[in-house]
There are 2 protein chains.
Amino acid sequence: MRQFLVTGHDAPTDDSFSLDNIAGGAGRLDVLCRCVNAAFFLSHDIREEVRVHLVLSDAYTVRFEGSDLRRLNPDERSTAALIRGALEQREEAIGHQPVESSPGVSLYRMGFEATLEAAARNATVVQLHEDGAPLVDAEPPTDPLFVLSDHHDFAPAERELLADAADRRVRVGPERLHADHTITVAHNHLDTDGYTRY
Amino acid sequence: MRQFLVTGHDAPTDDSFSLDNIAGGAGRLDVLCRCVNAAFFLSHDIREEVRVHLVLSDAYTVRFEGSDLRRLNPDERSTAALIRGALEQREEAIGHQPVESSPGVSLYRMGFEATLEAAARNATVVQLHEDGAPLVDAEPPTDPLFVLSDHHDFAPAERELLADAADRRVRVGPERLHADHTITVAHNHLDTDGYTRY
C-alpha cells in the first residue's frame, strides 16, 4: 500500500465553490486535484493499492481508496466535483466516523494531526522536503506514507508534528517540484525499484 | 533546450469548445493541458529552456516557448483558454508563418509531420514508447525532443514517421504512464543526471 497525504492550506471546507474557478475561487483546489490524478492514474488503469488523504484547511479530510474508486476521471474539474460531493455531506461526518459520498471517496471530520496519526499506523512516514536525502539514495520504504504540502510550505504546527512522526525525509531531485509531480516521481521510483534494469 | 511534442488525435481545430467541458466536449484537451503543466512548472518557477509543441488533430500546432511565456498558470482550464485563444486566430496563421496569440504561445498551421521535422532540427529525437529501452539505462541526450502521444497510441502514419526520425526509443518504467506523468519523469531523470547523488 502506498499512501499520500497532501495538506491543502486554503482548500474549501464547504460545497459553495464553483467548478468553473477551482484555481481561483476554491483555494487552489486544482493543486489537490492534480495530486489525486498523479497518485492513481496509470495509462488506462488505476493504481488500486493506493490511498490518498487530502486535508482541507485542517478541518476535513477527503480520503480516496484506490481499490474502491469507481468514478474517478483524470481531469481536475471532475475530481473537484467529487470533493465537492464529499463536502456536501459534511453534516453526516460525525466524530471520526466518515461518510462515503461516492465509491472510494469518503469525508472525515479530521484535520492534519488526526489524519496523519491514523494514516501513519503500519506505515513508513516519508516527509517530502527539499532538505531531505535524495530519493535515489533511499532504501524504498515498505508501505510508505508520503506527506506533502500544497503550493505553500508546511505550517509551523505541521512541521512539528512531522518532525515527530517522520521516519525519513526525502527529496526527489535538485529542482523543487509541484506536489503532484513529486508524487509521480515517487511512484516511478518505487515502480522501478526491484526491477534492476527493468 | 528540452522539447516535448505531444500529438492530440481528437483535439479541437477551432475555438468553439467550452472551457467547462474540456475533458468531454473538447477532444480530451485536458490531456494536452496537463502535458503543458508537466513540461513547464517548477515550484514557484517556470522552466525557461523548454519548448512544447501540441499537435491538434494533425491540422494545427500550438507552440509554447518557455523563455517567453507570461500568462501560463498550472490549472487545466487556463491552459485550455490559451489554446482556445490561439485557435481564435487560426485565420492569421498562413503557410508556415505562425501567429502569436499570447506571450510565448503561437499557432502554426502545421500537422504532425511538419512539426516533427521542424522540431527535430538540432535535436535528439526520443520516442517514448513502452517497447523502448529503460530510461535509467539511457545516456541522457543532448537537446532532446521527446515525442509522445495523448491517450491514444500513435497513428500508423505517425509511427512510420517516427521510425525514420527517432534517434532513440525509451520507456520510463515498467508501468505504462499518462503522457504528462512521462514528461515529469523524463524531466526528473535529466535534472538528476550529472548530479551524482545530488
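For the structure, see preceding data.
Residues numbered from 1 in each chain as written. Chains lettered and ligands numbered in written order. Predicted model: local features only at pLDDT ≥ 70, side-chain atom pairs only at ≥ 80, totals over all residues. Heavy atoms only, no water.

Student: Which residues make up the sheet that holds strand E7 (residues 105–108) of chain B, and what values go with them?
Tutor: Residue and element names in this part refer to chain B. Taken in spatial order, the eight strands line up as E6-E7-E5-E4-E1-E9-E8-E10 in an open sheet, and their pairing is mixed. Two strands close off the open sheet at either side, each with one partner strand: strand E6 (99–102) and strand E10 (168–171). Taken over all neighbouring pairs, the strand axes of this sheet differ in orientation by 30° on average, direction set aside. As paired elements, strand E1 (residues 2–8) and strand E4 (residues 50–56) share seven bridges and run parallel to each other. Its bridge partner lying in E4, Val6 is registered against Leu54. Running at roughly 170° to E4, helix H1 (residues 29–40) makes contact with E1, E4 and strand E5 (60–65) of the sheet. On top of the sheet, helix H5 (residues 179–192) reaches E1, E4, strand E8 (124–134) and strand E9 (144–149); it is set at about 160° to E9, its chief contact. (Pairing = 2+ DSSP bridges. Helix = DSSP H or I, 4+ residues; strand = E, 2+ residues; numbered from the N terminus. Axes fitted to C-alpha atoms, helices over the stretch in contact; angles between N-to-C directions. Contact = heavy atoms within 4.5 Å.)

Student: Give a detailed account of the packing of helix H3 (residues 112–120) of chain B against helix H4 (residues 156–165) of chain B, specifying residues and quantitative values.
Tutor: Residues and elements named next belong to chain B. Following both chains from N to C, one finds H3 and H4 inclined at 15°, their axes separated by 11 Å at the closest point. Accordingly, the angle class assigned to the pair H3 and H4 is roughly parallel. Considering how the two elements wind past one another, H3 and H4 form a crossing that is right-handed. Touching Phe112, Glu113 and Leu116 of H3 are Glu158, Leu161, Leu162 and Ala165, all from H4. Residue composition of the contact of H3 with H4, by class: five nonpolar, no polar and two charged. (Parallel < 35°, antiparallel > 145°, perpendicular 65-115°, else oblique. Left-handed = near helix turned anticlockwise from the far one by under 90°. Nonpolar A, V, L, I, M, F, W, Y, C, P; charged D, E, K, R; others polar.)

Student: Residues and numbers for helix H2 (residues 76–88) of chain B, please.
Tutor: Compared with the 18 Å implied by 1.5 Å per residue over 13 residues, the 18 Å span of H2 of chain B between its first and last C-alpha is a close match. Restricting attention to buried positions, one finds in H2 of chain B the residues Glu76, Thr79, Ala80, Leu82, Ile83, Gly85, Ala86 and Leu87 of chain B. Residues of H2 of chain B that are buried sit in contact with helix H2 (76–88) of chain A together with H1, E4, E5, E6 and E7 of chain B. (Expected span 1.5 Å × (residues − 1). Buried < 20%, exposed > 50% of the residue type's maximum accessible area, 1.4 Å probe, protein only.)

Student: Give a detailed account of the pattern of salt bridges, specifying residues and quantitative values.
Tutor: All told, the structure shown has 24 salt bridges over all chains when counted by the stated rule. Across the salt bridge formed by Arg77 of chain B and Asp20 of chain A, the nearest N and O atoms sit 3.8 Å from each other. One end of the pair, Arg77 of chain B, is in helix H2; the other, Asp20 of chain A, is in the loop between strand E1 (2–8) and helix H1 (29–40), on a second chain. Glu65 of chain A is the partner of Arg51 of chain A in a salt bridge, and the nearest nitrogen-oxygen pair spans 2.7 Å. Placement of Arg51 of chain A in strand E4 (residues 50–56) and of Glu65 of chain A in strand E5 (residues 60–65) is noted, with a sequence separation of 14 residues between them. A relative accessible area of 12% places Glu65 of chain A in the buried class. Connected through shared salt-bridge partners, Arg28, Asp30, Arg34, Glu76 and Asp180 of chain A make up one network. (Salt bridge = Lys/Arg side-chain N within 4 Å of Asp/Glu carboxyl O.)

Student: An account of the interface of chain B and chain A is requested, with residue identities and associated values reported.
Tutor: Each partner contributes residues to the interface: chain B has 38 residues there, and chain A has 38 residues. A buried area of about 3500 Å², summed over both sides, lies between chain B and chain A, and 56% of it is on carbon and sulfur atoms. Counting across the chain B and chain A interface gives two salt bridges. Where chain B touches chain A, the interface holds 15 residue pairs in polar contact (both at pLDDT 80 or more). Sorting the residues of the side of chain B that touches chain A by element identifies H1, strand E2 (41–42), H2 and H5 of chain B as the ones contributing at least two each. Class assignment of the residues belonging to the side of chain B that touches chain A gives a composition of 14 nonpolar, ten polar and 14 charged. (Buried area = accessible area lost by both parts, 1.4 Å probe. Polar contact = N/O pair within 3.5 Å; in protein donor to acceptor, adjacent residues only side chain to side chain.)

Student: Give a detailed account of empty space enclosed by the protein, specifying residues and quantitative values.
Tutor: Scanning all chains against the criterion turns up six cavities of 30 Å³ or more. Of the voids in this model, the largest cavity is the one considered here, and its volume is about 90 Å³. For the largest cavity, the full set of lining residues is Arg34, Asn37, Ala38, Asp180, His181 and Thr184 of chain A together with Arg34, Asn37, Ala38, Asp180, His181 and Thr184 of chain B. Counting only elements with at least two residues in the lining of the largest cavity, the list comes to H1 and helix H5 (179–192) of chain A together with H1 and H5 of chain B. Residue composition of the lining of the largest cavity, grouped by class: two nonpolar, six polar and four charged. (1 Å grid on protein atoms, 1.4 Å probe; cavity = no way out; pocket = protein on both sides within 12 Å on 5 of 7 lines; lining within 4 Å. Points joined across faces, edges and corners; volume = space filled by probe spheres on them.)

Student: Describe the environment of Phe64 of chain B, listing the residues and the values that go with them.
Tutor: All names here are of chain B. Mapped onto the elements, Phe64 comes out in strand E5. When the C-alpha atoms of Phe64 and Ser106 are compared, they prove to be 6.7 Å apart, with 42 residues separating the residues in sequence. Apart from residues lying up to four places away in sequence, Phe64 is in contact with Val36, Phe40, Val50, Arg51, Val52, Leu54, Leu69, Leu72, Leu82, Ile83, Gly104 and Val105.

Student: Outline unusual backbone geometry, listing residues and values.
Tutor: Residue Asp58 of chain A is not a glycine yet carries a positive backbone phi of 60°. One can find Asp58 of chain A in the loop between E4 and E5.

Student: How would you sum up the sheet that holds strand E6 (residues 99–102) of chain A? Please name residues and give values.
Tutor: Residues and elements named next belong to chain A. Read from one edge of the open sheet, eight strands run E6-E7-E5-E4-E1-E9-E8-E10, paired in mixed fashion. Each end of this open sheet is capped by a strand with a single partner; those strands are E6 and strand E10 (168–171). Strand-to-strand twist in this sheet, taken as the mean axis angle between neighbours without regard to direction, amounts to 30°. Note: E1 against strand E9 (residues 144–149), five bridges, orientation parallel.

Student: So, the pairing of E9 of chain A: which residues are in play, and what are the values?
Tutor: Residues and elements named next belong to chain A. The buried fraction of E9 is high, at six of six residues. Taking every second residue as pointing to the same face, both faces of E9 are buried, with Pro144, Phe146 and Leu148 on one and Leu145, Val147 and Ser149 on the other. Judged from the four bridges that link them, strand E8 (residues 124–134) and E9 form a sheet pairing that is parallel. Looking across to E9, one finds that Val126 is bridged to Phe146.

Student: Lay out the relation of the copies chain B and chain A in plain terms, naming residues and giving numbers.
Tutor: Note on the identical chains: chain B maps onto chain A by a rotation of 180° and an axial translation of 0.0 Å, with an RMSD of 0.0 Å. Both chain copies can therefore be described as sitting about a two-fold axis. When each C-alpha of chain B is compared by its distance to the rotation axis, Val185 of chain B comes out closest, at 2.9 Å. Most of the interface of chain B is mirrored in chain A, where 100% of its interface residues are also at the interface. (Least-squares fit on C-alpha atoms with pLDDT ≥ 70 in both.)

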